[in-house]
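# Breakdown of the fold
One-letter residues, chain by chain:
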Amino acid sequence: MLANKRILLIISGGIAAFKALDLIRRLKERGAIVTPVLTRGAEEFVTPLSVSALAGSKVFRDLFDLTDEAEMGHIELSRSADLIVVAPATADLMAKMAQGLAGDLATTLLLATDTPVLVAPAMNVRMWNHAATQRNLATLQSDGIAIIGPNEGDMACGEYGPGRMSEPLEIVAAIEAHFADGPLQGKHVLITSGPTHEPIDPVRYIANRSSGAQGTALATACRDMGARVTFVTGPASVAPPEGVEVVAVETAQQMLEAVQSAIPADAAIFAAAVADWRVEGASEQKMKKTKGGFPTLSFAENPDILATVSQGSDRPALVVGFAAETETVVEHATAKRLRKGCDWIVANDVSPATGIMGGSENDVTLITEEGAENWPRMGKDAVAEKLAARIAAALEA
Ligand code: C5P
């Protein structure tokens, strides 16, 4: 898919610049033609020689390099690519892009271009959360610039939170999604999947039997139709697919936060089996057996992620929920569609006798504004493909 695609890769100065080397390797493996541009800051983290050796190309560094201007002017350089990727994008570079500054080669190329741009931010968590960065991010998004990440996790500076640059393979997936020509090309689809784990104490938790199989199949189907997929998953037993942006969470509250930071999306599919309750005041220490009897757990209600997003201000154009029922499936699911405010409900009977929960097949009824439509029993992959095709058609309409 990336064979002979021309990618102008702008590397700016952050510790994540080392990951850009792997990104170049991955892109080259897939046949892309990578032209690297280094900012001055980036040269403090990676050497032009290593970048050029991996890319098999000249590295462009200086706006006033007359040889470059003679060979290929900066306007030409910015427009000769099929896609410009900025990875990592520092807070400083994002701010300059949002302002339209053009003080060096990288910013000049970004201002002069009419080529699509994909930005992979990387910075300290506080810098990412700062109102100024969030303002700049919103400006870039409204300018039509695609953003991938950042991921949440441990940071080089010792802190924890959102700010880590997406992994090279996730960036490759976003690039592939950009060039894919399936019916979901250019669409961002958000999918929740798997169970949630609600802690009782540091070693015990409340969970459910969801394997994550249906959510994973949906992510795969949407990816294969060209969507950029954000896959927010609880601790599932099925591994997430490659080529999607995976956000791993444990609890319902973390899942809600991950979903909210992944929005805006064109469509959202809530396939996760979210725990309805969490243990209120989970113990910080492992609870001990006592002679005096059993511990009493009290519960608090978890946020309803599907309802929150369906009724929220930044609602995706199409919101799809699942309803796992054990009796009067269509009635319950029809009522649920209205109660939650989503567009569609994919209802299924998860009574143990059906073998659906944790199994490889599903027997679903799609509930929309028009009514209930029963699909024949089929593999979860086939359900996913059929649903993804319906979503693509609905987004087109
Ligand atoms: O109410 P119920 O749990 O049956 O609703 C199922 C649907 O709602 C599924 O799409 C599930 O992912 C979603 N849900 C949610 N947050 C919850 C509970 C359910 O997103 N706390």
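Note that the structure is predicted; figures quoted are calculated from it, not measured.

Along the backbone of the protein chain there are 14 helices and 21 strands. Taking the principal axes of the C-alpha coordinates as reference, the protein chain spans close to 75 × 55 × 35 Å. Split into buried and exposed, the 397 residues of the protein chain put 50% on the buried side. Partitioning the contacts of the protein chain with sequence separation of at least 6, the portion at a separation of at least 24 is 67%.

By the bridge criterion, 4 bridges tie strand β6 (residues 151–154) to strand β7 (residues 160–164) in an arrangement that is antiparallel. The residue bridging Asn151 from the neighbouring strand is Arg164, located in β7. Hairpin connection between β6 and β7: a loop of 5 residues separates the two successive antiparallel strands, and Gly158 in this loop has a positive phi of roughly 95°.

A few words on the domain arrangement of the protein chain. When cut into domains, the protein chain gives domain 1 (1–179) and domain 2 (182–397). Between the C-alpha centres of domain 1 and domain 2 there is a distance of 33 Å. With 12 residues of domain 1 in contact, the opposing surface of domain 2 contributes 9 residues. Taken together, the two surfaces of domain 1 and domain 2 that pack against each other cover about 720 Å², and 49% of this comes from carbon and sulfur. Of all residues in domain 1, Glu170, Ala173 and Ala177 give up the largest surface area on contact with domain 2, accounting jointly for 44% of the area buried on that side. There are 0 salt bridges connecting domain 1 and domain 2. Counting across the interface, domain 1 meets domain 2 through 2 residue pairs in polar contact (both at pLDDT 80 or more).

Over its 17 residues, helix α14 (residues 380–396) extends 24 Å from the first C-alpha to the last, a length consistent with the 24 Å expected when each residue adds 1.5 Å. Lys380, Val383, Ala384, Leu387, Ala388, Ile391, Ala392 and Leu395 are the residues of α14 that are buried. The buried residues of α14 all sit within an arc of 165° when viewed along its axis, so they share a single face.

In the vicinity of the ligand, the contacting residues are Phe270, Ala272, Val274, Asp276, Pro303, Asp304, Ile305, Leu306, Gly321, Phe322, Lys336 and Lys340. The contact in question runs from an oxygen atom of the ligand to an N or O atom on the backbone of Phe322, over 2.7 Å. Within the side chain of Lys340, one N or O atom sits 2.8 Å away from an oxygen atom of the ligand. Here the ligand, which alone exposes 450 Å², has 87% of that area covered by the protein. Counting residues per element, the ones that place at least two in the shell around the ligand are α12 (305–310), β16 (318–325) and α13 (329–340). Residue composition of the shell around the ligand, grouped by class: 7 nonpolar, 1 polar and 4 charged.

Here Ile148 is to be found in the loop between β5 (146–147) and β6. Relative accessible area serves as the criterion here: at 1%, Ile148 is assigned to the buried category. For the pair Ile148 and Thr230, spaced 82 residues apart in the sequence, the C-alpha separation amounts to 9.5 Å. Apart from the residues lying within four places of it in its own chain, the contact partners of Ile148 are Leu118, Val119, Ala120, Pro121, Ser166, Glu170, Ile171, Ala174 and Glu245.

Glancing now at the side chain of Ser210. Along the chain, the position of Ser210 falls in the loop between β10 (205–206) and α10 (213–224). For Ser210, a relative accessible area of 14% puts it in the buried group. Within the local environment of Ser210, its side chain forms a polar contact with the backbone nitrogen of Gly212, the two atoms lying 3.5 Å apart. In this structure Ser210 touches Gly194, Pro195, Ala273 and Met357, once residues within four positions along its chain are discounted.

Cut-off values and rules
Residues numbered from 1 in each chain as written. Predicted model: local features only at pLDDT ≥ 70, side-chain atom pairs only at ≥ 80, totals over all residues. Heavy atoms only, no water. Helix = DSSP H or I, 4+ residues; strand = E, 2+ residues; numbered from the N terminus. Buried < 20%, exposed > 50% of the residue type's maximum accessible area, 1.4 Å probe, protein only. Contact = heavy atoms within 4.5 Å. Pairing = 2+ DSSP bridges. Domains from an automatic or database assignment. Buried area = accessible area lost by both parts, 1.4 Å probe. Salt bridge = Lys/Arg side-chain N within 4 Å of Asp/Glu carboxyl O. Polar contact = N/O pair within 3.5 Å; in protein donor to acceptor, adjacent residues only side chain to side chain. Expected span 1.5 Å × (residues − 1). Arc of directions from axis to C-beta. Near = heavy atom within 4 Å. Areas by Shrake-Rupley, 256 points an atom, 1.4 Å probe, with all protein chains shown as cover. Nonpolar A, V, L, I, M, F, W, Y, C, P; charged D, E, K, R; others polar.

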